[in-house]
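Remarks on the overall topology
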Amino acid sequence: MIDSRIQDAINDQLNFELYSAYIYYSMQSWFENQGMGGFANWMAVQVKEEMSHAQIMFDYVNERGGRVYLKGIEGPNNDWESPLHIFQTALEHEQIVTGRINDIMELAQEIKDHATVQWIQWFIAEQVEEEDSTYKIVQQLKLIGDDRAGLYLLDRELAKRVPEQNPAPVGP
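The paragraphs below set out a description of the structure included in this document.

Analysis parameters
- Residues numbered from 1 in each chain as written.
- Predicted model: local features only at pLDDT ≥ 70, side-chain atom pairs only at ≥ 80, totals over all residues.
- Heavy atoms only, no water.
- Helix = DSSP H or I, 4+ residues; strand = E, 2+ residues; numbered from the N terminus.
- Expected span 1.5 Å × (residues − 1).
- Bend = angle between axes of the 7 residues up to and from the residue.
- Contact = heavy atoms within 4.5 Å.
- Salt bridge = Lys/Arg side-chain N within 4 Å of Asp/Glu carboxyl O.
- Buried < 20%, exposed > 50% of the residue type's maximum accessible area, 1.4 Å probe, protein only.
- Axes fitted to C-alpha atoms, helices over the stretch in contact; angles between N-to-C directions.
- Parallel < 35°, antiparallel > 145°, perpendicular 65-115°, else oblique.

Focus: helix 4 (residues 114–144)
For helix 4, with 31 residues, the first-to-last C-alpha span of 46 Å sits near the 45 Å given by 1.5 Å per residue. Of all the bends in helix 4, the greatest, near 25°, is centred on I120. Backbone geometry just after helix 4 places G145 at a positive phi near 60°.

This is the structure in structure tokens:
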């Protein structure tokens, strides 16, 4: 049976993952509106990942005999200045997610919930990848600056991103 403190922490994070999907939908919409299909594709894949993370958390709480509680989702920002602004915001958001995942790990360790300690490892590794990939795009956008040709080439590169297959961790 899942400890109520872990259940609450994972429920909070599950709802934050859904909020994350909203943020990335907003970013995707902006890119679509700007005619930047590759950037929009990158964000669409990100939306799918966030929804997948929420589903993994949903399944885990239920597998452990807990209960999922969904909350209202706050509307995201819909006003973006530039691709760089969007990706800087995405990086900052992923850093917040990393902190929240680390908090779940610390709680699980504190209460000796070994199943959750093992389960949350996947999310810790996932956040390293999330921050790294977003950071690299921020750096590329800084190098490109206002160069339209550079932006076009990066857009073409980001169009190649596809969702991961079966990224879910195995249950406890």
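The rest of the description comes next.
Focus on the side chain of S26
Along the chain, the position of S26 falls in helix 1 (residues 4–33). Discounting chain neighbours no more than four positions away, the residues touching S26 are P76, N77, N78 and W80.

Brief notes about the pattern of salt bridges
Close approach of charged atoms allows side chains of opposite charge to pair. Inspection of the entire model under this criterion finds 6 salt bridges. When the shortest N-O distance is used, the salt bridge between R5 and D3 registers 3.0 Å. With relative accessibility at 44%, the residue R5 sits in the partly exposed group. In this structure, the salt-bridge partner of R64 is D113, at a minimum N-O distance of 3.2 Å. With R64 in the loop between helix 2 (37–63) and helix 3 (83–110) and D113 in the loop between helix 3 and helix 4, this pair connects stretches of sequence that are 49 residues apart. D113 carries the same exposure label as R64, and that label is buried.

Focus: the packing of helix 1 against helix 3
Between helix 1 and helix 3, whose axes approach to 11 Å, the crossing angle comes to 170°. Regarding the angle of helix 1 to helix 3, the classification is roughly antiparallel.

These figures come from the coordinates and say nothing about function on their own.
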